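# Examination of the molecular architecture
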Amino acid sequence: MLSALFSFYLLVDDAFLLHKFLLPAYLGWSESVVILTIVVAATAYFALFLRAILRTRYVLLVLSLAFLASSVAIDELFREHFGNNRWWLYFLEDGLKWLGIVGWFVYHTDSAFKFIIDD
């Protein structure tokens, strides 16, 4: 259930840019505070479910997190340096994010089937 809620928040955040516009405007939080809150929530999630995660094909999860982190890093580090008018930067950032999302979905689907079959 928490995996679904966390995934849903990430979906809504990406679709409506909660971290960039809505939460800073309505809660007065800076984008950095929102991102830090997401990182803390993700860390708590992984700590809470570490034993269950280690019983799965967690390499898929690690890869998806690496792709998602790379997407965020490119957005934060290179967008300021190269500007917003570089098509290849969008392609790289969104491509890595897409791979991360697909990996996240595949990991959770595979894990759900594993836990259903094993129980």
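Structure: above.
Now for a look at the structure at hand. As the structure is a computational prediction, the values presented were derived from the model and not from experiment.

## Considerations on the packing of helix α1 (residues 2-16) against helix α3 (residues 31-48)
Interhelical geometry of α1 versus α3 gives an angle of 160° and a closest axis separation of 11 Å. Relative to α3, the element α1 lies roughly antiparallel. Of the two possible hands of crossing, α1 and α3 adopt the one that is left-handed. Each of Leu2, Ser3, Phe6, Tyr9, Leu10 and Asp13 in α1 lies in contact with α3, whose residues at this interface are Val34, Ile38, Ala41, Ala42, Tyr45 and Leu48.

## Things to note about the side chain of threonine 56
Looking at where threonine 56 falls in the secondary structure, it is placed in the loop between α4 (50-54) and α5 (58-82). Only 2.5 Å separates the side chain of threonine 56 from the backbone oxygen of isoleucine 53, close enough to count as a polar contact.

Calculation notes
- Residues numbered from 1 in each chain as written.
- Predicted model: local features only at pLDDT ≥ 70, side-chain atom pairs only at ≥ 80, totals over all residues.
- Heavy atoms only, no water.
- Axes fitted to C-alpha atoms, helices over the stretch in contact; angles between N-to-C directions.
- Helix = DSSP H or I, 4+ residues; strand = E, 2+ residues; numbered from the N terminus.
- Parallel < 35°, antiparallel > 145°, perpendicular 65-115°, else oblique.
- Left-handed = near helix turned anticlockwise from the far one by under 90°.
- Contact = heavy atoms within 4.5 Å.
- Polar contact = N/O pair within 3.5 Å; in protein donor to acceptor, adjacent residues only side chain to side chain.

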